[in-house]
Amino acid sequence: TFRHIYFVLFAALGTWPAWEPCLWDPDVIVFPSHTGQIKRVSGPVLRWGWGITCLALGAFTLAPLELNDSPALLAAGGLLNLALLFGLFQNDKEGLSAHRVAQLAVLGLALATTLHTDHRLRTKTGLPVPNQLATWAIF
């Protein structure tokens, strides 16, 4: 595959602050946050943070595909995602609305289905039909 192209795209995306006129000069960038408050962020911190984050994301596309998987690491990552989203949703001006609870539920179901599928494939006991249906429903 041509995964290195994604790295180039992420690196190009990392230059966005350089060609966005409103970010050129300010020492402090002011914007409304998801909580409805007005946030002030240091311009250099935002520009460098954006670029480094884009390069870090691009680096994942260059990693080899033959990595050993770890169910514990997968569970930890999924639970961390759930915890972060739960915290963000609670502190947001919209709060924990019904559709956000549904998003968290789908993420939890996807995590559980993935872990169970991984277990069944490792033990070579076959993939049950409910797992197949849940995977397609989540997709």
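Our structure is the block above this text.
For the structure given in this document, a descriptive report is provided here. (Residues numbered from 1 in each chain as written. Predicted model: local features only at pLDDT ≥ 70, side-chain atom pairs only at ≥ 80, totals over all residues. Heavy atoms only, no water.)

To continue, consider the overall build of the protein. Scanning the protein from terminus to terminus reveals five helices and two strands. Listed N to C, the secondary structure of the protein is α-β-β-α-α-α-α in terms of helices and strands. For the protein, the C-alpha radius of gyration of 20 Å lies well beyond 14 Å, the compact-globule estimate for 139 residues. Each of the three principal axes of the protein carries a C-alpha extent, and together these read 60 × 40 × 25 Å. (Helix = DSSP H or I, 4+ residues; strand = E, 2+ residues; numbered from the N terminus. Rg over C-alpha atoms; globule rule 2.2 N^0.38 Å.)

Attention now moves to the packing of helix α3 (residues 71–91) against helix α4 (residues 98–122). Direction vectors running N to C along α3 and α4 enclose 175°, while the axes themselves pass 10 Å from each other. Looking at the two axes, α3 sits roughly antiparallel to α4. Facing α3, whose interface residues are Pro71, Leu74, Ala75, Gly78, Leu79, Asn81, Leu82, Leu85, Phe86 and Phe89, α4 presents Arg100, Gln103, Leu104, Leu107, Gly108, Leu111, Thr114, Leu115, Asp118 and Arg122. (Axes fitted to C-alpha atoms, helices over the stretch in contact; angles between N-to-C directions. Parallel < 35°, antiparallel > 145°, perpendicular 65-115°, else oblique. Contact = heavy atoms within 4.5 Å.)

Packing of α4 against helix α5 (residues 129–138) brings their axes to within 10 Å, and their N-to-C directions diverge by 145°. Crossing of α4 against α5: the hand is left-handed. Together, Val106, Leu109, Ala110, Thr113, His116 and Thr117 of α4 and Asn131, Ala134, Thr135 and Ile138 of α5 make up the contact between the two elements. Classifying every residue of the contact of α4 with α5 by side-chain character gives five nonpolar, five polar and no charged. (Left-handed = near helix turned anticlockwise from the far one by under 90°. Nonpolar A, V, L, I, M, F, W, Y, C, P; charged D, E, K, R; others polar.)

This brings us to the packing of aromatic side chains. One pass over the structure, following the stated rule, counts one aromatic pair. A ring pair is formed by tryptophan 16 and tryptophan 50, whose centres lie 5.1 Å apart and whose planes are at 55°; its orientation type is tilted. Of this pair, tryptophan 16 sits in the loop between α1 (4–13) and β1 (28–32) while tryptophan 50 sits in helix α2 (residues 43–62), and the two are 34 residues apart along the sequence. Here tryptophan 16 falls in the partly exposed class, since its relative accessible area comes to 28%. (Phe/Tyr/Trp six-rings, centres within 6.5 Å; stacked < 30°, edge-to-face > 60°. Buried < 20%, exposed > 50% of the residue type's maximum accessible area, 1.4 Å probe, protein only.)

These figures capture arrangement, not role.
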